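Here is how the chains run, residue by residue.
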Amino acid sequence: MRPCLVQPVSGMGGRITLPGDKSIAHRAVILSALSSGKTTIDNIPFNNDLSATVTVFRSLGVDIEYPSGKGKGVSVTVKGAGPRGLQKPVRRLSAGESGTTMRLLAGLLCAQDFASRLSAGRQLSGRPMSRVTIPLRLMGAVISGKKKPDGEEYPPLSVRPGYLHGITYRMPVASAQVKSALLLAGLYCRETTKIIEPVMTRDHSERMLKMFGADISTVGRSGRYEVKLRGGRFPSSPGRFAVPGDISSAAFFLTLAVLCPGGRVVAEKVSLNPSRSGVLGVLKRMGAHISVRTSRDRFSRYEPYGDIEARHSILRGTVVRAEEIPSLIDELPILMVAAATAKGVTVFRKVGELRYKETDRIHSMCTNLRLMGGRCEVRERSGRIDIAVEGVKCLSGRKLRSYGDHRTAMSLYVAACCARGESLIDDISCADKSLPGFPEYMRAVSSA
Ligand code: S3P
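Residues numbered from 1 in each chain as written. Predicted model: local features only at pLDDT ≥ 70, side-chain atom pairs only at ≥ 80, totals over all residues. Heavy atoms only, no water.

1. Section: the site of the ligand
In step 1: The environment of the ligand is formed by Ser-23, Arg-27, Thr-100, Arg-103, Ala-174, Ser-175, Ala-176, Gln-177, Arg-202, Ile-329, Asp-330 and Lys-357.
In step 2: Between the ligand and the protein, one listed contact pairs an oxygen atom with a side-chain N or O atom of Thr-100 at 3.3 Å.
In step 3: Contacts to the ligand include Lys-357, whose side-chain N or O atom sits 2.7 Å from an oxygen atom.
In step 4: Protein coverage of the free-state accessible area of the ligand, which is 380 Å², stands at 93%.
In step 5: Counting residues per element, the ones that place at least two in the shell around the ligand are α1 (22-34), α3 (99-109) and α5 (176-186).
In step 6: Residue assignment places the shell around the ligand across two domains, with domain 1 (4-19 + 244-447) and domain 2 (22-241) each supplying three or more. (Near = heavy atom within 4 Å. Polar contact = N/O pair within 3.5 Å; in protein donor to acceptor, adjacent residues only side chain to side chain. Areas by Shrake-Rupley, 256 points an atom, 1.4 Å probe, with all protein chains shown as cover. Helix = DSSP H or I, 4+ residues; strand = E, 2+ residues; numbered from the N terminus. Domains from an automatic or database assignment.)

Set out below in structure tokens:
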């Protein structure tokens, strides 16, 4: 437990360069490990989740140099083992608290000719896995989780070698982790794997697979979206590339600049992938002054990125539509903070997936915002959950609880910076999951 005292800030300004995007970085390490040849990836975040992925691949016999650099972007060199070169681990594999490691590795391990078992830390052990084991079994995988009385499967996952075949799968839950697991398994199938998403989720796996030369095509953008992957064409290393900054981390700094009188911040070289940047559209719709300058280089063809500038603005409520949710799923907590002091009501539609994150984020955010004097209403109707946040003039500093969730903790930090009176967050150490050194980054651009 690392408690964190937060004083209201009187100003915010400057430029900030953040470590690389966590989602993109996981995929970069995974595909580099599977390709033959050496890959150097710059700006990989040094955080708990990436450490988990690196540790798993080292246990599978992949040679990875991952220099330490708390809260920094580091250059990682992966000597790829090739698609058939992973080795049976001598120790049990652990995904730690990283859901992306767990679910993506599930897809990959199913296709190996050795048995394995993938365990998880305390929080991740309580997160559902049937969403990934069910479609993998449809592909012929021999995988199972720990069945609990609710009928759901949880970590650890046990995997035995199976003969995989391509399938057409219509995703019942919007999940990029599940889609990516199926694509990784699909690499090892003779047939085509086709995935249909009623609402498109982040497409980092598709883009990274294209960059690594896989036979993959996509149709549609937002709304209905289809991916087709022809198995058998394995990744080949593109050599060296850099991961753009994490928009999910940038969102905290951009929102604080918008909320803080006189605030202005530029987040440099941040991912602008349209399937991830929904937060920018919503903030703009709420009246935020946000401008973007895109960069161009060899990598930006695959993953667009650029500088984002945010300035203090007066916000008004909006409706965040169900089809926008996947593009901002991780930014819902910080958008709830923005909504809490905006003029009028902001409605977030169909946000049920928030219940299955590191903690139940509907509960963690509503409980804390209410403590601070915010007004949140959770509307549940026939399995569908909407949240309505009505803006108040000013939040009040309080004793707050992160529930061990990094995005709840960082969102509360921003809320506390804009509140009247000081706040105490019970534990900020969970921020190390995605952005170690978060309070230091914040203090570098804000003044008390
Ligand atoms: C992620 C996908 C999302 C997101 C998570 C990272 C990924 O999860 O919330 O933080 O890297 O694919 P779901 O796939 O469960 O929506």
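That was the structure; now back to the text.
2. As for the packing of aromatic side chains
In step 1: As enumerated under the stated definition, the model contains 8 aromatic pairs in all.
In step 2: Pairing Phe-212 with Phe-241 gives two aromatic rings, centres 6.2 Å apart and planes at 90°, and the pair type is edge-to-face. Here Phe-212, found in the loop between α6 (204-211) and β12 (215-219), pairs with Phe-241, found in strand β14 (residues 240-242); they are 29 residues apart in sequence, far enough to count as distant.
In step 3: Judged by relative accessible area, Phe-212 falls into the buried class, the value being 1%. (Phe/Tyr/Trp six-rings, centres within 6.5 Å; stacked < 30°, edge-to-face > 60°. Buried < 20%, exposed > 50% of the residue type's maximum accessible area, 1.4 Å probe, protein only.)

3. Description of the side chain of Ser-119
In step 1: Turning to its location among the elements, Ser-119 is positioned in strand β7 (residues 116-119).
In step 2: Relative accessible area serves as the criterion here: at 12%, Ser-119 is assigned to the buried category.
In step 3: Other than its neighbours up to four places away in sequence, Ser-119 contacts Arg-92, Leu-93, Ser-94, Ala-95, Gly-96, Met-102 and Pro-156. (Contact = heavy atoms within 4.5 Å.)

4. Quick notes on the packing of helix α2 (residues 48-59) against α3
In step 1: Packing of α2 against α3 leaves a shortest axis separation of 10 Å and a crossing angle of 25°. Our classification of the angle between α2 and α3 gives roughly parallel. The two elements α2 and α3 cross, and the hand of that crossing is right-handed. Residues Asp-49, Ala-52, Thr-53, Val-56 and Phe-57 of α2 lie in contact with α3, whose contacting residues are Thr-101, Leu-105 and Leu-108.
In step 2: Its residues placed into classes, the contact of α2 with α3 shows 5 nonpolar, 2 polar and 1 charged. (Axes fitted to C-alpha atoms, helices over the stretch in contact; angles between N-to-C directions. Parallel < 35°, antiparallel > 145°, perpendicular 65-115°, else oblique. Left-handed = near helix turned anticlockwise from the far one by under 90°. Nonpolar A, V, L, I, M, F, W, Y, C, P; charged D, E, K, R; others polar.)

5. Some points on the pattern of salt bridges
In step 1: In this structure the tally under the stated criterion is 38 salt bridges.
In step 2: In this structure, Asp-215 and Arg-233 form a salt bridge, with 4.0 Å as the shortest nitrogen-oxygen distance. Taken together, the positions of Asp-215 in strand β12 and Arg-233 in the loop between β13 (225-230) and β14 put the pair 18 residues apart, joining distant regions of the chain.
In step 3: Under the relative-accessibility criterion, Arg-233 is labelled partly exposed at 44%.
In step 4: Residue Arg-407 is joined to Asp-330 by a salt bridge in which the shortest nitrogen-to-oxygen separation is 3.7 Å. Of this pair, Arg-407 sits in helix α11 (residues 406-417) while Asp-330 sits in the loop between β18 (319-320) and α9 (332-340); the two residues are 77 residues apart in sequence, bridging distant segments of the chain. (Salt bridge = Lys/Arg side-chain N within 4 Å of Asp/Glu carboxyl O.)

6. Notes on the pairing of strand β17 (residues 305-311)
In step 1: The buried fraction of β17 is high, at 5 of 7 residues.
In step 2: The sheet contact formed by strand β16 (residues 289-294) and β17 spans 6 bridges and is antiparallel. Within β17, the residue paired with Arg-293 across the bridge is Asp-307. (Pairing = 2+ DSSP bridges.)

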